[in-house]
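Residues per chain, in single letters:
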Amino acid sequence: MNRRLRTDIGKRAGVTSGLLGVLCVIAEFCFLFPDLLVTRDALPFYKANLDLFRGILWASIVATVLLGALSALLLRSKAHGLLGMGLGAVALLMRFTDSVETGSATVSAGLDYFVLELLVLGLLFIPLERLFALHRQKIFRKGWQTDLKHFFVSHAGVQLLSFAVLIPAQTLFDWAVDFEFQASVAAQPVWLQFAQILLAADFVTYWTHRAFHQVPRLWHFHAIHHSSREMDWLAGSRMHLVDALATRAAAFVPIFVLGFSQAALVAYVAFVSFHAVYIHSNTRWRFPVLRWLIATPEYHHWHHTSDEEGLDRNFAAFLPFWDWLFGTAHLPDHWPKKYGTVNFQPPESYLGQLAYPFRRKKETPYG
Ligand SMILES: [Zn+2]
Ligand SMILES: [Zn+2]
């Protein structure tokens, strides 16, 4: 094996081992303190499938140690490999002490959600983006650590964030609720409610998103989401907390007022969280016909472009219909060339990005 290839594989194995090792240790903490760290609603599900989740963790620990060993073997610098193996060993030791006894805490961190989502999405999208890459770019591209922090905050804090998202609708739109009407909405077939939620939530999201682009004060927040110069599955997580909360809170208003059933709501949330990751991915599938009907990576990549022709286009998260209706759709036959903000670049660090909108005073959109 030539030296460059050896170094390349060694580095990747080392970083993957380190990341996986951290996930394993977090997962072990979840087993140790499920009350504090695991999403409450999901606890019964984990308990019912305990062997499956222990199995996944066991396989991940083995992979961490093996990748760490491979890295140490291939690289002259053993730091990454040894760190990965060390983390694997710590997770292994923690296995003998976990309990899965639960009490009655009302709010907990959703570390389980963070670990599982990252594992599932990473296992799915990293190979997909290698096999069907649109642009040639690295897995560990510039800014991936920052995006991982955004991913961590939005997933681990899911319970607190979802409480905050419900409050504006519940306090400001209480007057619009009609229980009889809600009962008839919830009595419809789930697939029909699912389609209605998409239509209504996407309409609100369209205008919220457009406001975030066109009102300078709001654009400072949303510019963070547009600051990635390379698109991939993780880049979509880059979003200022104020932006994420406001957008989701607004989308929840029609859902709250119309009163859809729990099943339709769960299906909607599961679907949009996956779809949101997919449309940012670095994959080149174009979907003839369907590309006009639902937002695909091609559609949303045009929203993220810094090419002149695509600026302030494609605000709809899922249904391009809203963009066609309000005159903001853009879907030519070629892909965009470059991405990111125009004429300025928000900071790269996570905290810098959080502080950024509060530091900027008077700016015009894209200025
Ligand atoms: Zn945008
Ligand atoms: Zn986006």
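Before any of the text, the structure's been laid out above.
Notes on the structure in this doc start here.

Quick notes on the rules
Residues numbered from 1 in each chain as written. Chains lettered and ligands numbered in written order. Predicted model: local features only at pLDDT ≥ 70, side-chain atom pairs only at ≥ 80, totals over all residues. Heavy atoms only, no water. Helix = DSSP H or I, 4+ residues; strand = E, 2+ residues; numbered from the N terminus. Rg over C-alpha atoms; globule rule 2.2 N^0.38 Å. Buried < 20%, exposed > 50% of the residue type's maximum accessible area, 1.4 Å probe, protein only. Contact = heavy atoms within 4.5 Å. Areas by Shrake-Rupley, 256 points an atom, 1.4 Å probe, with all protein chains shown as cover. Lys, Arg positive; Asp, Glu negative; His and termini not counted. Charge placed at Lys NZ, Arg CZ, Asp CG, Glu CD. Donors = N, O, S within 2.8 Å, 3.2 Å for Na, K, Ca; no water. Core = buried A, V, L, I, M, F, W, Y, C linked by side-chain atoms within 4.5 Å. Salt bridge = Lys/Arg side-chain N within 4 Å of Asp/Glu carboxyl O.

Looking now at the overall build of the chain. Within the chain, the regular secondary structure consists of 17 helices and zero strands. Taken over C-alpha atoms, the radius of gyration comes to 22 Å for the chain, in line with the 21 Å a tight globule of 367 residues would show. With respect to the principal axes defined by its C-alpha atoms, the chain has extents near 60 × 50 × 45 Å. In the chain, which comprises 367 residues, the proportion classed as buried is 48%. Sequence separation of 24 or more characterises 79% of the internal contacts of the chain that already satisfy a separation of 6 or more. Surface exposure of the chain reaches about 18,500 Å², of which carbon and sulfur atoms provide 70%. Computed over 32 positive and 27 negative side-chain charges, the inter-centroid distance for the chain is 13 Å.

With distances of 2.0 to 2.2 Å, the protein atoms coordinating the zinc ion (ligand 1) are His209 (NE2), His213 (NE2), His222 (NE2), His226 (NE2) and His303 (NE2). Between the donor residues of the zinc ion (ligand 1), the gaps in sequence give the motif H-x3-H-x8-H-x3-H-x76-H. In this structure, the zinc ion (ligand 1) lies 5.9 Å away from the zinc ion (ligand 2). Taken together, the positions of His209 in helix 10 (residues 190-214) and His222 in helix 11 (residues 216-222) put the pair 13 residues apart, joining distant regions of the chain. Across this residue pair, the class does not change: His209 and His222 are buried.

In this section: the side chain of His301. As for its placement among the helices and strands, His301 is situated in helix 15 (residues 297-304). We classify His301 as buried; its relative accessible area is 0%. Beyond its immediate sequence surroundings of up to four residues, His301 is in contact with Leu134, Met231, Ile279, His280, Ser281, Trp335, Pro336 and Tyr339.

Here we come to the nonpolar core. Grouped together as the largest cluster of nonpolar side chains are 35 residues, with contacts concentrated most on Phe114, Leu118, Phe125 and Trp233. Among the elements of the structure, helix 1 (3-32), helix 3 (43-48), helix 4 (50-74), helix 5 (79-95), helix 6 (111-131), helix 7 (144-156) and helix 13 (262-278) are those that each provide at least two residues to this core.

Turning to the pattern of salt bridges, a few remarks are in order. Applying the stated criterion across every chain yields a total of 10 salt bridges. For Arg238, the salt bridge is made with Asp147, and the minimal N-O distance between the two is 2.6 Å. Linking Arg238 in the loop between helix 11 and helix 12 (241-258) with Asp147 in helix 7, this pair joins segments that are 91 residues apart in sequence.

Below, the discussion takes up the coordination of the zinc ion (ligand 2). Put simply, a metal with four donors set out as a tetrahedron has ideal angles of 109.5 degrees, and one with six donors set out as an octahedron has ideal angles of 90 or 180 degrees. Taken together, the protein donors to the zinc ion (ligand 2) comprise His225 (NE2), His280 (NE2), His300 (NE2) and His304 (NE2), at separations of 2.0 to 2.1 Å. Spacing between the donor residues of the zinc ion (ligand 2) along the chain follows H-x54-H-x19-H-x3-H. We classify His280 as buried; its relative accessible area is 4%. The buried category is assigned to His300, whose relative accessible area is 6%.

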